[in-house]
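Working through the structure, step by step
Spelled out from the first residue to the last, the chains are:
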Amino acid sequence: MKKLLSFALCTMLLFSLAACSGNQTATSGEGESSTPSSHVAETSSAPSEPPESAEETENSAETSEETVSETGGTLIAYFSWSGNTEAMANLIQQETGGDLFEITPATPYTDDYNELLDIAQQEQDENARPELAFQVENWDSYDTMFVGYPDWWSDAPMLVYTFLESYDWTGKTLIPFCTSGGSGFGRSLNNLEASASGASILNGLHVQGDDVENSAGEISDWISRLGLN
Ligand SMILES: Cc1cc2nc3c(=O)[nH]c(=O)nc-3n(C[C@H](O)[C@H](O)[C@H](O)COP(=O)(O)O)c2cc1C
């Protein structure tokens, strides 16, 4: 009877040991596959210290990114309603490696061409400053700004002046570019100076809207002549 009892106890002991070790494996296995990797990194890299919260970890990454801001960058800011100026901006980006920024109205323009003609005319008559949807982040990190737009009624769209007047241009280099049906920059070159006071304005380039796709060579030559570093 004693033998039977001790055999039964031994069997129970062995069984419960096996069950325990099985649970540990499943937990760590589960942990590896389902725990977010950040949590795994925290616990394994600093086992003796309390793990940082996820929020703290994110914030410290943001801070270190922010402190690494540099100067000397190139920005290619453009407004485009039907795509020609955007295509030109993309060619400039390929040539310079700069950052693209689309000047976007807070209230989108109509898709109707005839309606747009009237709206653009009215904005010009009122010397309007339509609101922008977005601002350039890290403005200070850019020294050279290409600014592009379509010719609207022989001037830049008023939105472009809102953009120019939103920033401090002191010490910046501004290089205008423009597409049109044939009029070129119109009055916009004179007006740019007033809205971007403090900027050094270099020679701009106008390309006819329907010639943009063949203008890569012209754009490359123009940028070489600008003598940017
Ligand atoms: C409201 C409006 C006004 C325009 N005014 C002129 C103009 O005065 N002279 C001109 O040559 N082209 C004019 N155009 C034609 C555009 O400048 C031309 O199509 C340009 O390439 C469009 O650029 P986007 O595709 O980037 O919007 C006008 C177009 C619009 C929509």
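Higher on the page you've got the structure.
Before going into details, it helps to say that this report is about the structure given with it. Being a predicted model, the structure only gives us computed values, none of them experimental.

A word on the overall build of the chain. Along its length, the chain carries 8 helices and 6 strands. Reading the chain from its N terminus to its C terminus gives the helix and strand order α-α-α-β-α-β-α-β-α-β-α-β-β-α. Each of the 229 residues in the chain was classed as buried or not, and the buried ones make up 33%. Here the analysis covers contacts within the chain between residues at least 6 apart in sequence; of these, 78% occur between residues at least 24 apart. Of the roughly 14,200 Å² that the chain leaves accessible, carbon and sulfur atoms contribute 50%.

Moving on, we come to the layout of surface pockets. Left-over empty space is what a probe sized like a water molecule reveals as it rolls over the atoms. Put simply, the largest pocket is a space of about 410 Å³. Taken together, 20 residues make up the lining of the largest pocket; nearest its centre are Tyr113, Pro150, Asp151, Trp152 and Gly181. Those elements that provide at least two residues to the lining of the largest pocket are α4 (84-96), α5 (113-125) and β4 (173-180). The leading source of residues in the lining of the largest pocket is α5, at 4 residues. Tallied by class, residues from the lining of the largest pocket come to 8 nonpolar, 11 polar and 1 charged. Within this model, the second largest pocket holds a volume of roughly 170 Å³. If you trace the second largest pocket, you find it lined by Gly72, Thr74, Thr96, Asp143, Thr144, Ile223, Leu228 and Asn229. Residue composition of the lining of the second largest pocket, grouped by class: 2 nonpolar, 5 polar and 1 charged.

All right, on to the pairing of strand β3 (residues 142-150) then. Every other side chain in a regular strand lies on the same face of the sheet, so the side chains alternate between the two faces. Here β3 lies mainly inside the structure; 8 of its 9 residues are buried. Two elements, strand β1 (residues 73-78) and β3, share 6 bridges in a ladder whose sense is parallel. Paired with Tyr78 across the strands is Gly148, a residue of β3. Examined bridge by bridge, β3 and β4 share 7 bridges and lie parallel to one another. Bridge pairing links Tyr149 to Cys178 in β4.

Moving on, we come to the environment of Glu123. Examined against the element boundaries, Glu123 turns out to sit in helix α5. For Glu123 and Leu159, which are 36 residues apart along the polypeptide, the C-alpha to C-alpha distance reads 9.0 Å. Look past the residues within four positions of Glu123 in its chain and what remains in contact with it is Tyr109, Ala128, Pro130 and Met158.

Ser80, Ser82, Thr85, Asp151 and Ser183 are the nearest of the 21 residues found near the ligand. The backbone of Trp153 places a nitrogen or oxygen atom 2.9 Å from a nitrogen atom of the ligand. Protein chains shield 87% of the accessible area of the ligand, which is 640 Å² for the free molecule. Most atoms of the ligand, that is more than half of them, are within 2 Å of grid points of the largest pocket. Elements with a minimum of two residues in the shell around the ligand: α4, α5 and β4. Taken together, the residues of the shell around the ligand sort by class into 8 nonpolar, 12 polar and 1 charged.

Let us now look at the packing of aromatic side chains. Applying the stated criterion across every chain, the model contains 11 aromatic pairs. Judged by centre distance (6.4 Å) and plane angle (75 degrees), the ring pair of Trp139 and Phe163 falls under edge-to-face. Of the two residues, Trp139 sits in the loop between α5 and β3 while Phe163 sits in helix α6 (residues 158-164), which places them 24 residues apart along the sequence. By relative accessible area, which is 0% here, Phe163 ends up buried. Considering the side-chain rings of Trp139 and Tyr167, the 4.1 Å spacing of their centres and the 15 degrees angle between planes classify their relative orientation as stacked. Of the two residues, Trp139 sits in the loop between α5 and β3 while Tyr167 sits in the loop between α6 and β4, which places them 28 residues apart along the sequence. Pair check on accessibility: Trp139 and Tyr167 agree, each one buried. A connected cluster of aromatic rings, assembled from ring pairs, spans Phe101, Trp139, Phe163, Tyr167 and Trp169.

Thresholds, definitions, all that
Residues numbered from 1 in each chain as written. Predicted model: local features only at pLDDT ≥ 70, side-chain atom pairs only at ≥ 80, totals over all residues. Heavy atoms only, no water. Helix = DSSP H or I, 4+ residues; strand = E, 2+ residues; numbered from the N terminus. Buried < 20%, exposed > 50% of the residue type's maximum accessible area, 1.4 Å probe, protein only. Contact = heavy atoms within 4.5 Å. Areas by Shrake-Rupley, 256 points an atom, 1.4 Å probe, with all protein chains shown as cover. 1 Å grid on protein atoms, 1.4 Å probe; cavity = no way out; pocket = protein on both sides within 12 Å on 5 of 7 lines; lining within 4 Å. Points joined across faces, edges and corners; volume = space filled by probe spheres on them. Nonpolar A, V, L, I, M, F, W, Y, C, P; charged D, E, K, R; others polar. Pairing = 2+ DSSP bridges. Near = heavy atom within 4 Å. Polar contact = N/O pair within 3.5 Å; in protein donor to acceptor, adjacent residues only side chain to side chain. Sits in = over half its atoms within 2 Å of the grid points. Phe/Tyr/Trp six-rings, centres within 6.5 Å; stacked < 30°, edge-to-face > 60°.

Bear in mind that shape data such as this cannot, by itself, settle questions of function.
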